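Summary of structural features
Spelled out, the chains give:
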Amino acid sequence: MENSKSQIIKVMSAVFEVPIESITETSSVDSIESWDSVKHLNLILALEEEFNISIPDEEVGNLMNYKLIEMIVNECRK
Amino acid sequence: MKYNDIKIGDKEKLTHIITINDIEKFVELTGDDNKLHVDEKFASKTNFKKPVVHGMLGASFISTIIGTKLPGDGALWFSQSLDFLLPVRIGDKLTVVAEVIKKNDKEQIIELKTDIFNQNKQIVTRGFAKVKVVEFDTPVAATAEKIKAKERTALVIGGTGGIGRAACMQLAADGFNIIIHYHKNKKLADEIKADVEKLKRKAVIVKADILNDLEIKEMISKSLRASEYINVVVNCAAAVIPNIKFMDLEWSDFQKQLDLNIKAAFTIVKEILPVMIKNGYGKIINLGSFSVDKPNTEWASYITAKSALAGFTKAMAIELAPKGIRVNLVTPSLISTELTADIPEKIKLLTAAQTPLRRLASASDAAGAISFLASEKSDFITGENIRVNGGLIMI
């Protein structure tokens, strides 16, 4: 699980173009200024590629903060 | 009615069917046992053929209409003319109509046309009345002031639940004495009682299964022995919300929720109302559910019952407002309490993330709205629903 945490942070850092150390468990669409609709789609694609998963359409809009991303990624990996 | 509220053309009416019992009571009261009224044989030998009802018996209902409706309390009836135009018989349905035809502002006197009709719309008695409208203080405001000056008491139904406990503590901090209702958790009720007492307020605990009408009656009776000035009732009672797919629902599932949310609220209000009406002041605060505005699946029975409670709140509000009783709803969004313990963490995270203020509601958020509705600051608010949801639902 710790591994997936660092992977998610790495993906978020790359997609949003912010330093890795700035991403925390409380990071969200409110705290990352560069998190816009285009970057959100890039985030989905990057997470699917990183974890080799397919994120269902109904979950796309739910990836609103780190905790939800982690929860949904882990659900998709099951 | 107050003089200034009465307009020329204002009309009131009442109906009454004359029975033999009415005649007997009238004879007993007045001693007028004229055979034309009470003796069928005697009456048969007259032009009337059948007994005739005392004219003043029918006319006495003019007193009822003046004393209770137009103008009602404060009426000083000092003049009445009467012409008895047609005989009235036992079994006749009389309609007494009073209409304001003149006003004397200087003396605060109204003149009324007072006519009595039978079931065939024939006028049987014609008359005119003069009534002075005596000024009086509005009892509602006077009593409300008295209550505000005295000790205020709030009865919190479901006082040991998450919101109930927060409501007890907030209202105690606001200066209310608290009657804490519980069903099973006496230990927690005692704990809350002690916390309230630390705030130098009186606290009493009352036990009841609110699905049992008799227990509700006993609870209210015990509460009233503790304080005759219960002017706030907060209805926080709740049970764990069952997740049932629609195809698996039985009517009994709905019944359980309706009993808890509507029948219990109905019985509690019915029991407490006479006291609030007597005091001329009261606040009833019900707890709604955000799922009425933003429904989710598998909660059909709960959503239906909470929707009914929202309607019930408005219906009570409009009917009880003239008696000085305000009825409102507080609708918090998802709160992390024992009640919502079974809701998946993901739903809670999503709800918080979708809420513009970016968190779940807390029991103290709901208690804040309850505190406002219980206070005199909200005395002009009734039939309202305060949504405590961080902007999640805006209507």
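An account of the accompanying structure is given in this report. Chains are numbered independently. Their residues run from 1 in the order of the written sequence. A letter from A marks each chain and a number from 1 marks each ligand, given out in the order of writing. At least 70 in pLDDT is required for a residue's local features to be given in this predicted model, at least 80 for side-chain atom pairs to be given and counted, and no such filter applies to totals for whole chains, interfaces and linings, which use all residues. The side-chain quantities take in all heavy atoms of the structure and omit both hydrogens and water.

**Quick word on the overall build of chain A**
So the rule is basically this: Comment: elements are numbered from the N terminus, with helices defined as DSSP H or I runs of at least four residues and strands as E runs of at least two. Per-residue accessibility, obtained with a 1.4 Å probe over protein chains only, is compared with the maximum for each type, and a residue is labelled buried under 20%, exposed over 50%, and partly exposed between these values. Contact criterion: two residues are considered in contact whenever any of their non-hydrogen atoms come within 4.5 Å of each other. A 1.4 Å probe and the Shrake-Rupley method give the accessible areas. Residues count as covered only by the protein chains that appear here.
Each helix and strand counted, chain A has four helices and zero strands in total. Its helices and strands taken in sequence order, chain A reads α-α-α-α from the N to the C terminus. Buried residues in chain A amount to 44% of all 78 residues. Taking the contacts inside chain A whose residues are at least 6 apart along the sequence as the reference set, 49% of them involve residues at least 24 apart. Accessible surface computed for chain A: about 4,500 Å², of which carbon and sulfur atoms make up 50%.

**Notes on the interface of chain A and chain B**
For interface size, the figure often reported is the accessible area lost on association. Rule in force here: Buried area, as used here, totals the accessible surface that two parts lose on assembly, with accessibility defined by a 1.4 Å probe and the loss added over both. In the sections that follow, a salt bridge refers to a side-chain nitrogen of Lys or Arg positioned within 4 Å of a carboxyl oxygen of Asp or Glu. Counting of polar contacts relies on pairs of N or O atoms within 3.5 Å, with two restrictions inside protein: one atom must be capable of donating a hydrogen and the other of accepting it, and residues adjacent in sequence are counted only when both atoms are side-chain atoms. Lys, Arg, Asp and Glu make up the charged group, whereas Ala, Val, Leu, Ile, Met, Phe, Trp, Tyr, Cys and Pro make up the nonpolar group; the residues left over, Gly among them, are polar.
In this assembly, 11 residues from chain A lie in contact with seven residues from chain B. Each partner contributes to the roughly 780 Å² buried at the junction of chain A and chain B, and carbon and sulfur atoms together form 67% of this total. Considering only the surface of chain A that becomes buried against chain B, A:Met64, A:Leu68 and A:Met71 emerge as the three largest contributors, covering 49% of it. The tally of links from chain A across to chain B stands at three salt bridges. In this assembly, chain A and chain B are joined by three residue pairs in polar contact (both at pLDDT 80 or more). When residues in the side of chain A that touches chain B are grouped by element, the largest group, five residues, is from helix H4 (residues 66-77) of chain A. Here the side of chain A that touches chain B is built from residues that sort into five nonpolar, two polar and four charged.

**Quick notes on the nonpolar core**
Residues and elements named next belong to chain B. Using the following cut-off: Only buried Ala, Val, Leu, Ile, Met, Phe, Trp, Tyr and Cys residues count toward a nonpolar core, and they belong to the same one when joined by side-chain atoms within 4.5 Å.
By size, the foremost hydrophobic cluster in this structure holds 34 residues, and its most contacted members are Leu-171, Ile-178, Val-234 and Ile-370. Elements that contribute at least two residues to this core include exactly strand E6 (153-157), helix H6 (162-173), strand E7 (177-182), helix H7 (186-198), strand E8 (203-207), strand E9 (230-235), strand E10 (282-287) and helix H12 (363-374). Broken down by element, this core gets its largest block of residues, seven residues, from H12. With near-sequence residues (within four places) excluded, Leu-171 lies in contact with Ala-154, Val-156, Phe-176, Ile-178, Val-234, Ile-370, Ser-371 and Ala-374. In terms of nonpolar packing, the next biggest core, distinct from the first, is built from 31 residues, Val-233, Ile-262, Leu-273 and Met-316 among them.

**Topic: the sheet that holds strand E1 (residues 11-17) of chain B**
Residues and elements named next belong to chain B. Put simply, the rule is: For two strands to be treated as a pair, DSSP must find no fewer than two bridges joining them. Under this scheme, a helix contributes an axis fitted over its contacting stretch, all axes are lines through C-alpha atoms, and angles between N-to-C directions fall in the 0 to 180 degree range.
An order of E1-E3-E4-E5-E2 is seen for the five strands of this open sheet, with the pairing classed as antiparallel. With partners counted over all chains shown, the strands left at the sheet margins are E1 and strand E2 (75-84), one partner each. The average undirected angle you get between the axes of adjacent strands in this sheet is 20 degrees. Here strand E3 (residues 93-104) pairs with strand E4 (residues 109-117) via nine bridges, running antiparallel.

**Concerning the state of the cysteines**
Residues and elements named next belong to chain B. In plain terms, the rule: Pairs of cysteine sulfur atoms within 2.5 Å are what we label disulfides.
Applying the stated criterion across every chain yields a total of zero disulfides over all chains. Cys-236 carries a free sulfur, and the closest cysteine sulfur to it, the one in Cys-168, is 7.6 Å from it. Under the relative-accessibility criterion, Cys-236 is labelled buried at 11%.

**Some points on the layout of surface pockets**
Residues and elements named next belong to chain B. As a reminder of what qualifies: A cavity here means a set of points on a 1 Å grid, drawn over the protein atoms and nothing else, where a 1.4 Å probe fits but cannot get out; a pocket is an open set with protein on both sides within 12 Å along at least five of seven lines, and a residue lines either one if it has an atom within 4 Å of a point. Grid points are joined across faces, edges and corners, and a volume is the space filled by probe spheres set on the points.
Reported here for the largest pocket is a volume of approximately 1,200 Å³. Lining the largest pocket are 45 residues, and of these Ala-237, Ala-238, Ala-239, Val-240 and Leu-339 lie nearest its centre. Every element with two or more residues in the lining of the largest pocket is listed here: H6, helix H9 (251-279) and helix H10 (300-320). Broken down by element, the residue count for the lining of the largest pocket peaks at five residues, all from H9. Of the residues that constitute the lining of the largest pocket, the class distribution is 23 nonpolar, 15 polar and seven charged. The computed volume of the second largest pocket comes to approximately 430 Å³.

**Looking at the pairing of E10(B)**
All names here are of chain B. Let me state the cut-off plainly: If you view a crossover with the strands going away from you and the path from the first strand over the helix to the second runs clockwise, you call it right-handed.
In terms of residue burial, E10 counts as a mostly covered element, since six of its six residues are buried. Residues Gly-282, Ile-284 and Asn-286 of E10 are buried on one face, and the alternating residues Lys-283, Ile-285 and Leu-287, pointing to the opposite face, are buried as well. Pairing of E9 with E10, which is carried by four bridges, proceeds in the parallel orientation. By the bridge assignment for E10, Val-232 is matched with Lys-283. Once you follow E9 into H9 and on to E10, the crossover reads as right-handed. With six bridges connecting them, E10 and strand E11 (residues 325-332) associate as parallel partners. Bridging across to E11, Leu-287 finds its partner in Val-330. Running through H10, the crossover from E10 to the neighbouring parallel element E11 is right-handed.

**A word on the packing of aromatic side chains**
Residue and element names in this part refer to chain B. So the rule is basically this: Classification of ring pairs rests on two measures: the distance between centres of Phe, Tyr or Trp rings, Trp counted by its six-membered ring, which must be within 6.5 Å, and the angle between planes, read as stacked under 30 degrees, edge-to-face over 60 and tilted in between. Counting as a charge over the ring demands two things of the Lys NZ or Arg CZ atom: a distance within 6 Å of the ring centre and an angle within 35 degrees of the ring normal.
A full pass over the atoms with the stated rule returns four aromatic pairs over all chains. An angle of 55 degrees between the planes, with centres 6.5 Å apart, marks the rings of Phe-266 and Phe-312 as tilted. Here Phe-312 lies in helix H10 and Phe-266 lies in helix H9, a separation of 46 residues in the sequence. Judged by relative accessible area, which is 41%, Phe-266 ranks as partly exposed. Assessed through its relative accessible area of 18%, Phe-312 is described here as buried. In this structure, Lys-103 is placed above the aromatic ring of Tyr-3, and the distance from its NZ or CZ to the ring centre is 4.2 Å. Taking the ring centre of Phe-176 as reference, the NZ or CZ of Arg-152 above it sits at 4.1 Å.

**A closer look at the sheet that holds E8(B)**
Residues and elements named next belong to chain B. With parallel pairing, the seven strands of this open sheet are ordered in space as E8-E7-E6-E9-E10-E11-E12. With partners counted over all chains shown, the strands left at the sheet margins are E8 and strand E12 (385-388), one partner each. Ignoring which end each strand starts from, the neighbouring axes of this sheet average 20 degrees apart.

**As for empty space enclosed by the protein**
Residues and elements named next belong to chain B. All chains considered together, the criterion is met by two cavities of 30 Å³ or more. Each pocket or cavity is described by its volume, and for the largest cavity that value is around 50 Å³. Taken together, Val-240, Ile-241, Asn-243, Trp-299, Leu-339, Thr-340, Asp-342 and Ile-343 make up the full set of residues lining the largest cavity. Within the lining of the largest cavity, the residues separate by chemical class into five nonpolar, two polar and one charged. In this structure, the second largest cavity spans a volume of roughly 30 Å³. Around the second largest cavity, the lining residues are Val-233, Asn-235, Ala-265, Ile-268, Val-269, Ile-284 and Asn-286. Secondary structure elements with two or more residues in the lining of the second largest cavity: E9, H9 and E10.

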